[in-house]
Amino acid sequence: MKDNKIITGLFTLFLIISFASCELETSDNGNLDGFWHLIRIDTLSTGGSSDLSKVRRFWAVQHKLINMRDADLDALGVYCRFEHKGDSLHIYQPYFNHWHQDQGDDGGDIPISEEQSDTLKMYGLSGLSTWFKIDQLTGSRMILTSKDKRLFFKKQ
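Everything numeric in this text was worked out from a predicted model, so none of it was measured.

Asks: Mind showing me how you'd approach the overall build of the chain here?
Replies: Scanning the chain for helices and strands turns up 1 helix and 10 strands. Starting at the N terminus and ending at the C terminus, the chain contains elements arranged as α-β-β-β-β-β-β-β-β-β-β. Every one of the 156 residues in the chain was classed for burial, and the buried ones make up 30%. Across the chain, every contact between residues at least 6 apart in sequence was considered, and the portion connecting residues at least 24 apart equals 44%. In the structure as shown, the chain presents an accessible area of about 10,100 Å², 54% of it carried by carbon and sulfur atoms.

Here is the structure:
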């Protein structure tokens, strides 16, 4: 009986130390987290609009990264870091999703340079760093406005 108490005590101590050494990271993104279908881009300066509802262009938002991908082009897309505070969304540090395409490659995603930043326009970004005002963010819809574009999303 005494041995059981010692074993139980040691096991409890082991569990406490194990849990104390773990750090849980959680997301404070709320409704922003999820899989968003980019359905329309409005150009504010010209009043033009691009209907993308039939195009499979998506933003996948999780924790501190956004994966932007066009499934119709079968492109690997890009990853970006972002900061979400209140009604502000800052997207920056874009990388091409390299996904170890070559067998002998040591891999790693490739930073997008200023010269390659036109690739980001198809996802509604203006360059390597884009600030958005969050006009609407619910569990099913999102509207973002930058200095030159308004983006409309539907959550999948």
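Still more to cover.
Asks: Sorry if this is basic, but what is going on with the pattern of salt bridges here?
Replies: This model, assessed by the stated rule, comprises 8 salt bridges. Residue D72 pairs with R56 through a salt bridge whose shortest N-O separation is 2.8 Å. Note that D72 is positioned in the loop between β4 (65–70) and β5 (78–85) and R56 in the loop between β2 (48–51) and β3 (57–62), a separation of 16 residues in sequence. Taking the relative accessible area as the measure of exposure, R56 reaches 42% and is therefore partly exposed. Its salt-bridge partner being K133, residue D135 comes within 3.3 Å of it at the nearest N-O pair. Residue classification places D135 among the partly exposed residues on the basis of a relative accessible area of 38%.

Asks: What is the right way to read the side chain of R57 from this model?
Replies: Topologically, R57 is positioned in strand β3. Overall, the relative accessible area of 12% leaves R57 in the buried class. In this structure the side chain of R57 is engaged in a polar contact, spanning 3.0 Å, whose partner is the side chain of D70. Every residue in contact with R57, bar those within four places of it in the chain, is listed here: W36, H37, L38, L52, R69, D70, M122 and Y123.

Asks: What is the right way to look at the nonpolar core in this model?
Replies: A general tendency of soluble globular proteins is for nonpolar side chains to be buried together. W59, M68, L89, I91 and L144 are the most contacted members of the largest nonpolar core, which has 24 residues in total. For this core, the elements supplying multiple residues, two or more each, are β1 (34–43), β3, β4, β5, β6 (88–96), β8 (129–137), β9 (141–145) and β10 (149–155). Excluding anything up to four places from it in sequence, L144 contacts W59, L89, F132, K133, I134, D135, K149, R150, L151 and F153.

Asks: Would you mind going over the pairing of β8 with me for this structure?
Replies: Residues in a regular strand point their side chains to alternate faces of the sheet. Where β6 and β8 come together, 5 bridges link them in antiparallel fashion. Residue Y92 lies in a different strand from β8, and its bridge partner there is S129. Here 4 bridges tie β8 to β9, and the two strands are oriented antiparallel to one another. Bridging from a neighbouring strand, L137 pairs with M142 of β9. Remark: 3 residues form the turn of the hairpin made by β8 and β9, two consecutive strands paired antiparallel.

Asks: Is there a simple way to explain the environment of D135 in this structure?
Replies: Topologically, D135 is positioned in strand β8. In this structure the C-alpha to C-alpha distance between D135 and F152, which are 17 residues apart in sequence, comes to 9.9 Å. Only 2.3 Å separates the side chain of D135 from the side chain of T145, close enough to count as a polar contact.

Cut-offs and rules
- Residue numbers run consecutively from 1 along every chain, following the written order of its sequence.
- Side-chain atom pairs in this predicted model are given and counted only at pLDDT of 80 or more, local residue features only at pLDDT of at least 70, and totals for whole chains, interfaces and linings cover all residues.
- Excluded from the side-chain calculations are hydrogens and water; all other atoms, namely the structure's heavy atoms, are used.
- Numbering of helices and strands starts at the N terminus; helices are DSSP runs of H or I of at least 4 residues and strands are runs of E of at least 2.
- Each residue gets one of three labels from its accessible area relative to the maximum for its type: buried under 20%, exposed over 50%, partly exposed in between, using a 1.4 Å probe on protein chains only.
- For this analysis, residues touch if any pair of their heavy atoms sits within 4.5 Å.
- Shrake-Rupley sampling with a 1.4 Å probe provides the accessible areas, and residues are treated as covered by the protein chains on show and by no other component.
- We count a salt bridge whenever a side-chain nitrogen from Lys or Arg sits within 4 Å of a carboxyl oxygen from Asp or Glu.
- Under this definition, polar contacts are N or O atom pairs within 3.5 Å; protein pairs additionally need one hydrogen-donor-capable and one acceptor-capable atom, and for neighbouring residues in sequence, both atoms have to be side-chain atoms.
- In these notes, a set of buried Ala, Val, Leu, Ile, Met, Phe, Trp, Tyr and Cys residues joined through side-chain atoms within 4.5 Å is what counts as a nonpolar core.
- Here the rule is simple: two strands pair whenever DSSP picks up at least two bridges between them.

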